[in-house]
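For reference, the chains in residue letters:
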Amino acid sequence: PEGVFAAFGCHPLSASDWFANDPGDVSVAAATRELVANHPRVVAVGECGLDYYVQPAGYVIDGSGEKDSDATERRRDCEETETAAESEREKKRRDTQARAFVAQMALAKELGAPIVVHTREAEEDTLRLMREHLPRDHRIHVHCFTSSARLARELLAHFPNLCLGFTGVV
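Below, the structure is looked at part by part. (Residues numbered from 1 in each chain as written. Predicted model: local features only at pLDDT ≥ 70, side-chain atom pairs only at ≥ 80, totals over all residues. Heavy atoms only, no water.)

### Remarks on the side chain of Thr126
Move 1: Topologically, Thr126 is positioned in helix H5 (residues 123-133).
Move 2: Judged by relative accessible area, Thr126 falls into the buried class, the value being 1%.
Move 3: Once residues lying within four places of it in the same chain are set aside, the contact partners of Thr126 are Leu50, Phe101, Val117 and Thr119. (Helix = DSSP H or I, 4+ residues; strand = E, 2+ residues; numbered from the N terminus. Buried < 20%, exposed > 50% of the residue type's maximum accessible area, 1.4 Å probe, protein only. Contact = heavy atoms within 4.5 Å.)

Structure representation (structure tokens):
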């Protein structure tokens, strides 16, 4: 409809899809490039970024929001016995997210398109990568902002064309 516009990209929780290229299929990267470059109602790249959040153990996944009373103790036990394989898996997940984020920032720069950024539990890496890969005057929307006031101040000070989006979570 009139007045409705879109942004296309690859959410960090699906970052590995950015690099997937099944024979005969159009890759997410190629489809995003095509849409942002050529569709008149696609106006930005995103949402993309970093998401290091890990669901706390013990929460009931039935919509009730109730928490298992022993969850904190079990989580502590799990953290103490985390294996090298689990650490390596988390490192790989974060690296994949970073590579997809950098690729999407490069695409946004190349096409002169704004970028919609997602960041959760990844403040330092998000700020570092954005400073390294986006020009100061790039148009940026950090959506659903739930990070610290410190990150908000640093982003706004560095990127004059950056907007922060807030929801009821604020």
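### Focus on the packing of aromatic side chains
Move 1: Within this structure, the stated rule accounts for 1 aromatic pair.
Move 2: When the ring centre of Phe5 is taken as reference, the NZ or CZ atom of Arg41 above it lies at 4.9 Å.
Move 3: Taking NZ or CZ as reference, Arg94 lies 3.9 Å from the ring centre of Tyr52, over its face. (Phe/Tyr/Trp six-rings, centres within 6.5 Å; stacked < 30°, edge-to-face > 60°. Lys NZ or Arg CZ within 6 Å of the ring centre and 35° of its normal.)

### Re the nonpolar core
Move 1: Residues Phe101, Ile115, Met130, Ile140, Val142, Leu155 and Leu162 are the most contacted members of the largest nonpolar core, which totals 32 residues.
Move 2: At the level of secondary structure, the elements contributing two or more residues to this core comprise helix H1 (15-19), strand E2 (42-51), helix H4 (84-111), strand E3 (115-120), H5, strand E4 (140-142), helix H6 (149-158) and strand E5 (162-164).
Move 3: Take this core: its biggest share by element is 6 residues, from H4. (Core = buried A, V, L, I, M, F, W, Y, C linked by side-chain atoms within 4.5 Å.)

### Observations concerning H4
Move 1: Relative to the 40 Å expected for 28 residues at 1.5 Å per residue, H4 spans 41 Å between its end C-alpha atoms, a close match to the ideal helical length.
Move 2: Among the residues making up H4, those that are buried are Thr96, Gln97, Ala98, Ala100, Phe101, Gln104, Met105, Leu107 and Ala108.
Move 3: Summarising the contacts, the buried residues of H4 are in contact with H1, helix H2 (28-38), E2, E3 and H5.
Move 4: Following H4 by one or two positions, Gly112 adopts a phi angle in the positive range, close to 65 degrees. (Expected span 1.5 Å × (residues − 1).)

### Examining the pattern of salt bridges
Move 1: Tallying each qualifying case throughout the model produces 11 salt bridges.
Move 2: One salt bridge in this structure joins Arg150 and Glu123, with 3.1 Å as the shortest N-O distance. With Arg150 in helix H6 and Glu123 in helix H5, this pair connects stretches of sequence that are 27 residues apart.
Move 3: Relative accessible area serves as the criterion here: at 28%, Arg150 is assigned to the partly exposed category.
Move 4: Its salt-bridge partner being Arg128, residue Glu132 comes within 3.6 Å of it at the nearest N-O pair. (Salt bridge = Lys/Arg side-chain N within 4 Å of Asp/Glu carboxyl O.)

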